[in-house]
Structures are given as structure tokens and as C-alpha cells.
Amino acid sequence: MIDVVVAGAGPNGLMLACELALAGVRPLVLERLTGPTEEQRANGMVGQVVRMLDRRGLYARLSGSAVPPQPAPRYVFGAFPLELAGVTDNPLYVLPVPQRRVEQVLAERAAELGVEVRRGQEVTGLSQDADSVRVSLASGETVSARWLVGADGGRSVVRKLAGIDFPGVTTDDDVSRTAHVSVAADRVDPATGGLIIDGWGIVPPFQHTRTERGLIVWAPFPDRPPSVSTAERIAGPVETGPMTLAELAASAERVVGVKVLLGPPAGEGPHLMRRLTGGNARLAEKYRAGRVLLIGDAAHVHSAIGGPGLNLGLQDAVNLGWKLAAAVHGHAPAGLLDSYEAERRPVAQRVTMSTQAQSVLVGPGSEITALRVLFGELLAKPENTRHVAALLAGADFRYEAGTAALDQVGRWAPDLVLHTGSGPVRLAELTVSARPLLLDLTGTLGAAAAPWGDRVDVITAKTEPARSGEQNATPLAGDGDVTALLLRPDCYVAWASTSDRPDERELRAALEHWFGAPYSDPRRR
Ligand SMILES: Cc1cc2nc3c(=O)[nH]c(=O)nc-3n(C[C@H](O)[C@H](O)[C@H](O)COP(=O)(O)OP(=O)(O)OC[C@H]3O[C@@H](n4cnc5c(N)ncnc54)[C@H](O)[C@@H]3O)c2cc1C
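Residues numbered from 1 in each chain as written. Predicted model: local features only at pLDDT ≥ 70, side-chain atom pairs only at ≥ 80, totals over all residues. Heavy atoms only, no water.

Comments concerning the pairing of strand E16 (residues 227-233)
Across a regular strand the side chains alternate sides, sitting on one face of the sheet and then on the other.
Reasoning step 1: Burial analysis of E16 places 5 of its 7 residues in the buried class, which makes it a mostly covered element.
Reasoning step 2: Pairing analysis gives 7 bridges linking strand E11 (residues 168-180) to E16, with the strands arranged antiparallel. Residue His 180 lies in a different strand from E16, and its bridge partner there is Ser 227. (Buried < 20%, exposed > 50% of the residue type's maximum accessible area, 1.4 Å probe, protein only. Helix = DSSP H or I, 4+ residues; strand = E, 2+ residues; numbered from the N terminus. Pairing = 2+ DSSP bridges.)

Details of the site of the ligand
Reasoning step 1: Taken together, 28 residues are adjacent to the ligand, and Asn 12, Glu 31, Gly 44, Gln 99 and Leu 310 come closest.
Reasoning step 2: Between Gly 309 and the ligand, the recorded distance is 3.5 Å, taken from a backbone N or O atom to an oxygen atom.
Reasoning step 3: In the complex, 87% of the free accessible area of the ligand, which totals 1000 Å², lies under the protein chains.
Reasoning step 4: Contributions of two or more residues to the shell around the ligand are made by helix H1 (11-22), strand E2 (28-31), strand E17 (273-283) and helix H7 (309-329).
Reasoning step 5: Looking at side-chain class alone, the shell around the ligand contains 10 nonpolar, 11 polar and 7 charged residues. (Near = heavy atom within 4 Å. Polar contact = N/O pair within 3.5 Å; in protein donor to acceptor, adjacent residues only side chain to side chain. Areas by Shrake-Rupley, 256 points an atom, 1.4 Å probe, with all protein chains shown as cover. Nonpolar A, V, L, I, M, F, W, Y, C, P; charged D, E, K, R; others polar.)

Considering the pattern of salt bridges
Reasoning step 1: Tallied over the full model, the rule gives 30 salt bridges.
Reasoning step 2: Between Arg 146 and Asp 3 there is a salt bridge; the shortest N-O distance is 3.3 Å. Remark: Asp 3 occurs in strand E1 (residues 2-7) and Arg 146 occurs in strand E10 (residues 142-150); sequence separation between them is 143 residues.
Reasoning step 3: When salt bridges that share partners are traced, they join Arg 177, Glu 232, Glu 239, Glu 247, Arg 254 and Arg 275 into one network. (Salt bridge = Lys/Arg side-chain N within 4 Å of Asp/Glu carboxyl O.)

So, the sheet that holds strand E15 (residues 214-219)
Reasoning step 1: The antiparallel open sheet is built from 6 strands, whose spatial order is E14-E15-E16-E11-E17-E20. At either end of the open sheet lies a strand with only one pairing partner, and these are strand E14 (208-211) and strand E20 (300-301).
Reasoning step 2: One ladder, built from 4 bridges, connects E14 with E15; its direction is antiparallel. Within E15, the residue paired with Thr 211 across the bridge is Gly 214.

What to know about the side chain of Asn 12
Reasoning step 1: Assignment of secondary structure puts Asn 12 in helix H1.
Reasoning step 2: On the basis of relative accessible area, Asn 12 is assigned to the buried category, the value being 9%.
Reasoning step 3: If sequence neighbours within four positions are ignored, Asn 12 has contacts with Ala 151, Ile 295, Gly 296, Asp 297, Leu 310, Gly 313, Leu 314 and Ala 317. (Contact = heavy atoms within 4.5 Å.)

Written as C-alpha cells, this is what we have:
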């Protein structure tokens, strides 16, 4: 019997498959399509996921740069520019890589890790009992597995077959249009890179620009044709059939009130030409039904505004991977698998809130203009800009940390530089294996952790304080000097100490709580 079947080889299914493989489980990925999708979705990723990818060695592959991720100097929220350069401990990272490239890199990584991806295999049915799931395919075949994960997108068949409800709202009152275009060279402002529209002004690059009639975005990508997007409230019949450049230009003219000259994109296609009407904000009522689990868009759908989808979904995959692997290996402590939903569903709720709030802020009409005046005043305060940046980054929550825990516990581990005796090493280099890590700065904890040696790596090290201006080498801060940190494979802190002689009983309790009974424990013989 197969340990884990993953339905869907989109980014989140592939990421989960990589995480399972790193944890010693061989998943089988079943994908309906026979080849990579032609659909063009994400233009990039924003938020903590960028650092997560760095911690699996994937950031360098995607960015093509050996320089670790750096916080973004600016971003956008609800068509407000967010100036982040001066924000203390700026949590917002951006990686402008198209989704197709992300899927290609994840597919390559999955292949390196020995993951089998069977294409042209559509999941059409499932039944489960206490020990297994039978997955039926459109071909008539069946596959038996101990676990099934639905990573099959917003219209998830797995979610429906598992009987998991998908409550939320569907709106049908707006339409957005996007296309790759060309514009005359003298239409690009040399100072800002913005799009010059005669009689109106300059649309700044890579920002939502709102008027009282809608939204326009100009995106002059360096490595592909530039794109123009618009969004409007639906006021009459919407075109049907394939979208055209003339339709986009007419929409842009309605938004800004003057003619916008757009030409066809240069170079080889496929070129983007997309019209989307309405939208959804829906969240699965639960993420697990027996032996069936959901990740990514199968568990939550929301507006793409601000680009939070992959930040949410890829971190679902990283949260679930090690927990499901522990269940497969038989050493998952009670409640570990259910902590996946307990930790990740509230994050999805926050993303839904954030995208709904932004969708209102970019809407047309004078009341919204008034709301924006007030919101703009609030955003002029640096602490509010940081609050919004942390919301967009998905860095504004703390997982359940138990009582009397230090502030770091339940939070994302900072980007440390450690001295291990063989020179400085970034934490991101140590987490590539996706194994739990005990970072011991006291040199006293090796014996206490030894019974978990099959699952937990102990790194005896010293930390290096951040050099001035270097935000990706944060010293441990917040609760005095931290002397020991236990990290889960998803890089969240499971336990920490500030003592020169950390409490070994506390450490053992945390090890058992997250990683199960030690191998020398009679319960595991
Ligand atoms: C227009 C648009 C723009 C976006 N922009 C951004 C952005 O800039 N940044 C960002 O982070 N996110 C963005 N997103 C969101 C992002 O694209 C999604 O969150 C992401 O694709 C979800 O990945 P997934 O793996 O969960 O699902 P999907 O990408 O939908 O993949 C699901 C896979 O499952 C397969 N499948 C479906 N049914 C079955 C079945 N029955 N059996 C087997 N296989 C099946 C599908 O063929 C597909 O390959 C955007 C989305 C849209 C629509």
C-alpha cells in the first residue's frame, strides 16, 4: 500500500511531496493534466514563504542569485504604496518569479528526491476506512493509500468527495482584465518606469493605481513583455468569448477617463490575455476528514490581490509534511496531525480578511475615496505600516506555545548566523534537510537529546550578532539572550531557553510533545 497519495501536482502538491520525501516518505502524486499547465497565474511570491524557500535551498534556484533574501523596500496594500525601507525588522520579502517557473523548480526538486508524479491521472472517487483510503481514477484504476491529500485546487474534487463543506462568499459584481502588451518607448517615464498616459498622468510601475472608476496596474517586467491590468465594477453586460486587446484598452480608458494606447506584445508567446469575473472567499470547514487532508487552494480560495496565495499554500505544505510523515513512521505524538488544521486554518482566515479588506479599499466610489483618506492617515504612522507588512508577510501570528513559554516559542525562527567550529553557517543552510534541529549554544544538551537522535539533529554553536544594516542575520532577541532553541522542520520554535544551564526536563518534554517518544522508550520497542 502507498503511504501518501497527493492529488494534484500544482505548486502546493509538489511542495508537500518534497517535504514528505525529505522526511523519508515516498508519496505518489496523481495529476490530471498530462503536462505542465499553460495557465499563467502568480507573477511572484510575497511574504515569509520567500524565507521558507531559502530554508530548503530553493530560493537560490528560483532567484538565480547566491545572495540570501533581503526585505523588500516597498510593497503595496489596497493600492496604497507601503514604504518599508525604514520599518524596523521589516518582515516583507518578495520573489518575483512566475508560477510556471516555481512549478518547474518544484517538479525538478521532487524528481531529485525520488518522488513519483503520474500525469494524466484524474482522481474521481474515494472511500476510506480506519486504516486506508481507496482512490478511484478516471482511467478505472484504483490506488490504495494510508493517507490522501487533496492539493487539487479551488474546485477540489477530493474536498467534495470527503464531504468537507466550503463556506464563504462568491461575488459577481466586478471584472478584472490582464494582458501582455507593448507600448511605445516614449510612453515609459525614464525617471520612474511608469506608464505615461497623455491627459491623465503616470501610472507607477508594479502598483495598484485606483481611480473612482476602477483600478489600473502597469507591470514592466524585465524578462517578459509588460502587462496592463484593470479592475472595474460591472455596470452592464460583460463581453463573452476570448478577451481582446481592444477590450482591455476600452476598460483602461473607462478607468482613467482618457485613451490608453496599447499594442500587441513582442516576442514569442504564449502571451497572457485573461478576463476574470467575480471572485470567491471560501475556507474549508475543516482540513481533515479521517485519512483525507487538504492543502493550498483546495482548503481556501480568496482574491489574488497582493499575491498571498503561495505564501499561504506552500507553508500549509511545509506545516503538514513533517507531521504526516511522523504519522506514517508511527512516531507522531497524539494530536500532532490535528495541529496542522489548528495552526494553518486561522492563518487562512487572516489572509481572507486581508484580501477582502484590500478589495474594498480598491473599489470605486466616493465613499471608498473617503475611507482611503482615513486609511492613508493611519498608514502614515510607521507602526501601522509595520502591522500591515506583517499581515501581508503572514508573520503576525504565533502558533500555540503552551503556558509560561518564552516569546520566541511558537514563532518563526529568525535568520541566524551560527558559528559551529567549521566557520559561520546560516540557519537556512542547516534546515535544508528539513529535520528538527536543537541549536545548543551552551554545549550541555547533547546527552538530553540523544534518545531522539534518529529524528533530531543537535547543533552546538554560537550565534553571531547582526552586522549593521544586515537584516537577514537577526540576533536572538525579545527575551534576553537565548541559549538554546528547538526548531520544528517548518522552522517554528518548539522550545527555547535563556539559561546557561537549560532545564533538561523541559527540553525532553518539548521533544516528546513534538517528535514523539524517544527510541529508547519501552513504548517504542
Ligand atoms: C489570476 C491569478 C493570479 C494569481 N497571482 C498570484 C500571485 O501573484 N502570487 C501568489 O502567491 N498567488 C497568486 N495566485 C494564487 C495561486 O495561483 C494559487 O494559490 C496556487 O495556484 C494554488 O496552488 P495549488 O497547488 O493549491 O492549486 P493549483 O495550482 O490549482 O493546482 C492544482 C492541481 O491539481 C490538479 N487537479 C485538479 N483536479 C484534479 C483531480 N481530480 N485529480 C488529479 N489532479 C487534479 C490540477 O490540474 C492542478 O495541476 C493567483 C491566482 C490567480 C487565479
